[in-house]
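Chain and residue survey
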Amino acid sequence: MERQIHIEPVTRIEGHGKITVFLDDKGDVRDAQFHVTELRGFEQFCIGRTLWEMPGLTARICGICPVSHILASAKACDAILAVQIPPTAVLLRRLMNLGQMVQSHALSFFYLSAPDFLLGWDSDPATRNVVGLVAANPELARKGIRLRAFGQEIIDRLGGKRIHPGWAVPGGVNQALTATDRAWMVERMPEAMSTIRETLALFKSTFGETKDRGVLTEYSSMYMGLVRPDGAWEHYSGVLRLVDSKGKVVVAGYDPSRYHEIIQEASEPWTYLKFPHYVPKGYPDGMYRVGPLGRVNACDHFATPLAQAELEEFRGGAKERSGRVFDYHYTRLIEILASLEEIGELLADDRITSTEIRAQAGINAREGVGVHEAPRGTLIHHYWVDANGIIEKLNLIVSTGHNNLAMNRAVREIAKMYIKKGKVSEGMLNRIEGGIRAYDPCLSCSVHAVGKMPLVVTVVNAGGDVEATLVRD
Amino acid sequence: MAKVRVATMWFSGCAGCHMSLLDIDETLIDLAGKIDLRNSPITDLKVFPEDGVDVTLIEGAVANEEHLHLVRTAREKSKILVALGDCAVTGNVPAMRNGLDPDQMIEDIYGKSVTSNGALPYEVVPHLLGRVRPLAEVVRIDYFLHGCPPPAGLIAKAVLALVEGKTPELTGSDLKFG
Ligand code: SF4
């Protein structure tokens, strides 16, 4: 394997994902920390800006899922205007959110994970990327690229730009869907559908056995996502639900604007990313997971037939929920399918091209919460404004944050598998990375790597001394 | 002819400029045949080759100690250095924190936020600079690509020109911010 492991007394390495592993006096793993090194301070510099700027400004939190921030922000603003947005605006926002679900999940799968699955975990790191995938399997690479492009193109045709479209606004959206663009989307649907169905079949034929999917550890936790009132999978509106590992509903039908009653955040001195947790269980026991596995585990069923059939196969009749980290990849594909099915339904609805798309109003409330499902999980924007709509305070809980406890747990579990009595065995860095990667953390807000993560793992013994530093560039 | 070696990096930005690079879609397949993509967030290579690269594209502004060090390394190792997108060109959104004291900012975000226990992150994580700076304030930049993000077509046009050893011709809307 081409990976390099140096064990040397390096104290500080720039631009790397940083992990510290703590050992007990027997030399076994006591704890592990995954450090997130980026902070831009949106919660501070947005204070004093106007409400109207917030969707455009917060989009810049993340260029991988800007639509998520634009929509959560617009929803928080709708609440401050105290308006109900027109039905067509809801349909259009849903359409854009699904376009984003498709492009972001396709990016995660085809550009980031497929090189591992298809070129092999042990293949040459110099070509184990999307460019290498193009060379090795141009057919599949082209399909994956076109599937992501379909999602991006939906966003572009609605909002005039693929990344950071200034389209969803307080009260609705500012541009209707034209008949031409609707026709283009309808025409491209069958190709997208066949790509995802083929990819799911390929994935299941390779990883059909549940034991094959245990490679990145498994552990139980709670799972959170929005669901419809009847318990169906949801991504734009609905109510918050938490289920436990047995599939029992812990929190049912919670009004998302009251999130702070069940979710609080802790911070730690060694990372810029906070730790949301479920309040009744406290910190750090109140761990829950969000994103594809979180949503799929939280819901009872899918409202669309093909995704529902996949869900039944995935659950295999069990009520228990999968805690396998690797199943993030599986559920991500199921969600692409569900998204495409709903895109088809939305395009078939004639209200979609109506031009009644925006409610106009002034400032009618001093506080507003916007919650919806981003590709990586539940996203929360919470604003407080003055009478002129100037932001006085804001709280943002980003999707990747919800999984912070779970990612740290994955790192700890994998370190335990690979470090025994002070001895570190080979292969640990790859597995740790695979564990973090499965969560598809939106690390533009953290370790800054879409490709293979450069990692530094520092092992600290019970006396507090650094025993080893493992580096992979 | 040896393939042109290209590196990309991201500092304080949102990854959007890199996403825009991927938005060239199938042109990526042609481009893949013309360039040797080295260290980049989208490949497995993380450090510059010993003898450097021909072109490095950098997204994002210089916001912490790590970026400061990395941008200097990038200058040393690259024949041509390109500021990719408004954050790299002007500081853009990340620079909106300029004027705020970083320590006060950390205190407010972690110490007093709506739902938090108050531990302040100062260990292991890189220290924030007092002021977020555009790349050109720190090192010499050869080309600037505007836009938030620069449109995929603009990136493709500029990169293809550079790969062929030409000066990219940027006119009209190519020079638009935002
Ligand atoms: S210029 Fe815009 S798209 Fe590029 S990193 Fe900055 S905020 Fe993101």
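Here the structure is a predicted model, which means the values were calculated and not measured. (Residues numbered from 1 in each chain as written. Chains lettered and ligands numbered in written order. Predicted model: local features only at pLDDT ≥ 70, side-chain atom pairs only at ≥ 80, totals over all residues. Heavy atoms only, no water.)

Overview of the overall build of chain B
We count it as follows: Only DSSP runs of H or I with at least four residues qualify as helices, and only runs of E with at least two residues qualify as strands; both kinds are numbered from the N terminus onward. Note on method: radius of gyration uses C-alpha positions; expected globular size equals 2.2 Å times residues raised to 0.38. Relative accessible area decides the class of each residue, using a 1.4 Å probe on protein chains only: under 20% of the type maximum gives buried, over 50% gives exposed, and in between gives partly exposed. Residue contacts are defined here by distance: any two heavy atoms, one from each residue, within 4.5 Å place the two residues in contact. Surface exposure here means Shrake-Rupley accessible area, sampled with a 1.4 Å probe, where a residue is shielded only by the protein chains that are shown. The charge count treats Lys and Arg as positive and Asp and Glu as negative. His and the chain ends do not count. The atom standing in for a charge is NZ when the residue is Lys, CZ when it is Arg, CG when it is Asp and CD when it is Glu.
Scanning chain B for helices and strands turns up six helices and seven strands. When its helices and strands are written in sequence order, chain B yields β-α-α-β-β-β-α-β-α-α-β-β-α. The globule rule puts the C-alpha radius of gyration for 178 residues at 16 Å, and the 17 Å found for chain B is close to it. Principal axes of the C-alpha set define a box for chain B whose edges measure 55 × 40 × 30 Å. Here chain B holds 178 residues, and 60% of them are scored as buried. The long-range fraction of contacts in chain B, counting pairs at least 24 apart against all pairs at least 6 apart in sequence, stands at 77%. Split by element, the accessible area of chain B, about 7,000 Å² in all, is 53% carbon and sulfur. Counting 17 positive and 24 negative side-chain charges, chain B places the centres of these two groups 6 Å from one another.

Brief notes about helix α2 (residues 27–34) of chain B
Rule in force here: Note that the arc is defined by the directions from the helix axis to the C-beta atoms.
Of the residues making up α2(B), those classed as buried are B:Leu28, B:Ile29, B:Leu31 and B:Ala32. Seen from one end, α2(B) has its buried residues packed into an arc of 165°, which puts them on one side.

Describing helix α11 (residues 327–348) of chain A
Residue pairs spaced three or four apart in an α-helix point in one direction, given the helix's 3.6 residues per turn. Rule in force here: A helix is expected to reach a length of 1.5 Å times the quantity of its residues less one.
An ideal rise of 1.5 Å per residue puts 32 Å on 22 residues; α11(A) measures up with 32 Å between its terminal C-alpha atoms. Counting buried positions along α11(A) yields 19 of 22 residues, so the element is predominantly enclosed.

Concerning the packing of aromatic side chains
For any pair of aromatic rings, the description consists of the separation of the ring centres together with the inter-plane angle of the planes. Residue and element names in this part refer to chain A. Here is the rule we go by: Side-chain rings of Phe, Tyr and Trp, where Trp is taken by its six-membered ring, are said to pair if the distance between their centres is within 6.5 Å; with planes under 30 degrees apart they count as stacked, over 60 as edge-to-face, and otherwise as tilted. Note on geometry: a ring has a charge over it if NZ (lysine) or CZ (arginine) is within 6 Å of the ring centre and within 35 degrees of the ring normal.
Scanning all chains against the criterion turns up 10 aromatic pairs over all chains. With a centroid separation of 4.8 Å and 45° between ring planes, the pair formed by Phe-42 and Phe-45 is classed as tilted. In this pair, Phe-42 and Phe-45 are both assigned in helix α1 (residues 42–45), three residues apart and thus about one turn of the helix distant. Each member of the pair, Phe-42 together with Phe-45, is buried. Between the aromatic rings of Phe-314 and Tyr-330, the centroid separation amounts to 5.0 Å while the plane-to-plane angle is 75°, which identifies the pairing as edge-to-face. One end of the pair, Phe-314, is in helix α10 (residues 305–315); the other, Tyr-330, is in helix α11, with 16 residues separating them in the sequence. Each of the two residues, Phe-314 as well as Tyr-330, counts as buried. Among the aromatic residues, those joined into a cluster by ring pairs are Phe-109, Phe-110, Phe-203, Phe-314, Phe-326 and Tyr-330. Over the ring of Tyr-111 we find Arg-148; its NZ or CZ atom is 5.7 Å from the centre of that ring.

Some remarks on the sheet that holds strand β5 (residues 78–84) of chain B
Residues and elements named next belong to chain B. To keep things clear, this is the line we draw: Pairing between strands is defined by DSSP: at least two bridges between them are needed. Between N-to-C directions, angles span 0 to 180 degrees; the directions come from axes that are lines fitted to C-alpha atoms, helices contributing only their stretch in contact.
Pairing is parallel in the open sheet, where five strands are placed in the order β2-β1-β3-β5-β7. One side of each edge strand has no neighbouring strand; the edge strands of this open sheet are β2 (35–37) and β7 (143–145). The mean inter-strand angle of the sheet, taken between neighbouring strand axes irrespective of direction, is 25°. Where β5 lies against β7, three bridges are found, and the strand directions are parallel. Looking at the pairing, Val-82 lines up with Tyr-143 of β7. Across the sheet, α2 is in contact with β1 (4–10) and β2; its angle to β2 comes to roughly 95°. Running at roughly 160° to β7, helix α6 (residues 152–163) makes contact with β1, β2, β3 (53–59), β5 and β7 of the sheet.

Concerning the side chain of A:Lys204
All names here are of chain A. In plain terms, the rule: Between N or O atoms, a polar contact is any pair within 3.5 Å; within protein, one atom must be a potential hydrogen donor and the other a potential acceptor, and residues adjacent in sequence are included only when both atoms are from side chains.
Of note, Lys-204 is situated in helix α7 (residues 179–207). Side chain to side chain, Lys-204 and Glu-310 meet in a polar contact 2.9 Å long. Here Glu-313 takes part through its side chain, which lies 3.1 Å from a polar atom of the side chain of Lys-204. Each residue touching Lys-204, except ones within four places of it in the same chain, is listed here: Glu-310, Glu-313 and Tyr-330.

Structural notes on the site of the ligand
Note the following rule: Throughout, the term near means that a residue has one or more heavy atoms lying within 4 Å of the molecule or strand in question. Think of it as three bins: nonpolar holds Ala, Val, Leu, Ile, Met, Phe, Trp, Tyr, Cys and Pro, charged holds Asp, Glu, Lys and Arg, and polar takes everything else, Gly as well.
The ligand sits among 14 residues. The nearest are A:Arg60, B:Cys14, B:Cys17, B:Cys87 and B:Cys148. Looking at the shell around the ligand, the elements that each hand over two or more residues are α1 (16–22) and α4 (86–90) of chain B. Across the shell around the ligand, the residue classes break down as five nonpolar, six polar and three charged.

Some thoughts on the sheet that holds strand β14 (residues 391–397) of chain A
All names here are of chain A. Reading across the sheet, the three strands line up as β12-β13-β14 and stay open at both edges, with antiparallel pairing between neighbours. At either margin of the open sheet sits one strand with a lone partner, and together these are β12 (367–374) and β14. Within the sheet, the average angular offset between the axes of one strand and its neighbour, ignoring direction, is 15°. Note that strand β13 (residues 377–385) and β14 share six bridges and pair antiparallel. Bridged to Trp-384 within β14 is Lys-393. Helix α3 (residues 66–81) contacts β12 and β13 of the sheet and is inclined by roughly 150° relative to β12.

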